[in-house]
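Each chain is listed here by its residues.
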Amino acid sequence: MVEIKTDQSLQAMREAGRVVAQGLTAVREAAGIGSSLRELDEVAHEVLRKAGASSPFLHYKPSFAPTPFPAVICASVNDAIVHGIPDDYRLADGDLVSIDFGAKLDGWAGDSAISFIVGTPRPADTKLVETAFAALDAGIAAATVGNRIGDIAHAIGKVCRSAGYGIPEGFGGHGIGRQMHEDPSVPNEGRPGRGMPLRHGMVLAIEPMLIGGGTDRYYEDRDGWTLRTVDGTRAAHAEHTVAITDDGPRILTQL
Ligand code: MG
Ligand code: MG
């Protein structure tokens, strides 16, 4: 069931989203050559503490996961697509990092992700990251009253495919509200004009995931969480929590 949020709830979600943006900004600033993923997790955790917010990621255990998630960020480096567990790995020059982060404030959740390159970027990685954000922008632009879920999916998929990138099947965006994951699911590829009509008060996490090598195939790491590309090529991920409103899409997870 899709929950339609009141305007007051959208305001509350905006505040949760602001905390998410603060956390990602802090992590981005802290991330450099030699910083460990665990240190970045601690940076994000501190932002939650200061805001009086909690983590919807920490101890999260969906049906596919063998263990509760042990951190407040997902840190997915290079061939990791999403759901990477922050560990003692230290970032090296040229690493492509995706950070996914959520916050829960006054009972409302926000969810957002960024990808970036540490140190000197490879041109192919720069293009991959830029395309992930372009796909996110396209998905957000399609998140308007009167459009359908399929229009968002189609907009995202078109940007990814026309650049020659793969899209991992079975993972994508979702409704969000009091729970981090709510109905409906928002695929990263689809047919325009299909699916649920978008209404004022719906809130969606829109999150393209791109595989640089062009294949859609991935595998699950032995940790039971991390998704990795089968061909070892790099991946990028970008996400915002977006409210559908009569005035157009409203990005909730920005500063
Ligand atoms: Mg996320
Ligand atoms: Mg999400």
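See the structure shown above.
Just so it is clear, the model here is predicted, and its values are computed rather than measured.

Scoring rules and cut-offs
Residues numbered from 1 in each chain as written. Chains lettered and ligands numbered in written order. Predicted model: local features only at pLDDT ≥ 70, side-chain atom pairs only at ≥ 80, totals over all residues. Heavy atoms only, no water. Donors = N, O, S within 2.8 Å, 3.2 Å for Na, K, Ca; no water. Helix = DSSP H or I, 4+ residues; strand = E, 2+ residues; numbered from the N terminus. Salt bridge = Lys/Arg side-chain N within 4 Å of Asp/Glu carboxyl O. Buried < 20%, exposed > 50% of the residue type's maximum accessible area, 1.4 Å probe, protein only. Core = buried A, V, L, I, M, F, W, Y, C linked by side-chain atoms within 4.5 Å. Contact = heavy atoms within 4.5 Å. Polar contact = N/O pair within 3.5 Å; in protein donor to acceptor, adjacent residues only side chain to side chain. Expected span 1.5 Å × (residues − 1).

Let us look at the coordination of the magnesium ion (ligand 2). For the magnesium ion (ligand 2), the protein coordination sphere consists of Asp111 (OD), His174 (NE2), Glu207 (OE) and Glu239 (OE), at 2.1 to 2.2 Å. Sequence positions of the residues that donate to the magnesium ion (ligand 2) give the spacing D-x62-H-x32-E-x31-E. Metal-to-metal, the separation of the magnesium ion (ligand 2) and the magnesium ion (ligand 1) is 3.1 Å; Asp111 coordinates the two. Remark: Glu207 occurs in the loop between strand S7 (203-206) and strand S8 (209-211) and His174 occurs in strand S5 (residues 173-175); sequence separation between them is 33 residues.

What follows deals with the pattern of salt bridges. Scanning all chains against the criterion turns up 13 salt bridges. One salt bridge connects Arg49 with Glu42, and the closest N-O pair in it is separated by 3.0 Å. With a relative accessible area of 45%, Arg49 lands in the partly exposed category. Residue classification places Glu42 among the partly exposed residues on the basis of a relative accessible area of 39%. A salt bridge links Arg49 to Glu46; the shortest N-O distance between them is 2.8 Å. Of this pair, Arg49 and Glu46 both sit in helix H2 (residues 37-51), three residues apart, which is roughly one turn of that helix. One network of salt bridges, in which partners are shared, links Glu3, Lys5 and Glu182.

Core analysis: the largest hydrophobic core is formed by 28 residues, its most contacted members being Ile152, Leu198, Leu204 and Ile206. Here this core takes seven residues from helix H3 (residues 123-141), the largest share from any one element. With residues up to four places along the chain from it excluded, the contact list for Ile152 reads Gly139, Ala142, Ala143, Val186, Leu198, Leu204 and Ile206. Grouped together as the second largest cluster of nonpolar side chains are 25 residues, Leu24, Val27, Ala31 and Val72 included.

The next subject is unusual backbone geometry. Cis peptide bonds are those with omega within 30 degrees of zero, and the linkage from Asp183 to Pro184 qualifies with -5°. Relative to the helices and strands, Pro184 is located in strand S6 (residues 182-186). The phi angle at His59 is positive, at roughly 70°, despite the residue not being glycine. Turning to its location among the elements, His59 is positioned in the loop between H2 and strand S1 (73-77). Here the phi dihedral of Asn78 falls at roughly 60°; this positive angle occurs in a residue that is not glycine. In this fold, Asn78 is placed in the loop between S1 and strand S2 (80-82).

Bound to the magnesium ion (ligand 1) are the protein donor atoms Asp100 (OD), Asp100 (OD), Asp111 (OD) and Glu239 (OE), situated 2.0 to 2.5 Å from the metal. Mapped onto the polypeptide sequence, the residues donating to the magnesium ion (ligand 1) form the spacing pattern D-x10-D-x127-E. Residue Asp111 is classed as buried on the basis of its relative accessible area, which comes to 2%. Judged by relative accessible area, which is 0%, Glu239 ranks as buried.

Bringing the environment of Asn188 into the picture now. By secondary structure assignment, the location of Asn188 is in the loop between S6 and S7. Here Asn188 is in contact with Ala153, Ile156, Gly157, Ile167, Phe171, Gly172, Glu207, Pro208 and Met209, once residues within four sequence places are set aside. Reaching out from Asn188, the side chain makes a polar contact with the backbone oxygen of Glu207 at a distance of 3.0 Å.

Let us look at helix H1 (residues 7-30). Here H1 contains 24 residues, and its C-alpha end-to-end distance of 35 Å stays within 8% of the 34 Å for a straight helix at 1.5 Å per residue. If you check which residues of H1 are buried, you get Ser9, Leu10, Met13, Arg14, Ala16, Gly17, Val19, Val20, Ala21, Gly23, Leu24 and Val27. Looking at the packing, one finds that the buried side of H1 touches H2, strand S3 (96-105), strand S4 (108-117), S7, strand S12 (240-243) and strand S13 (250-251).

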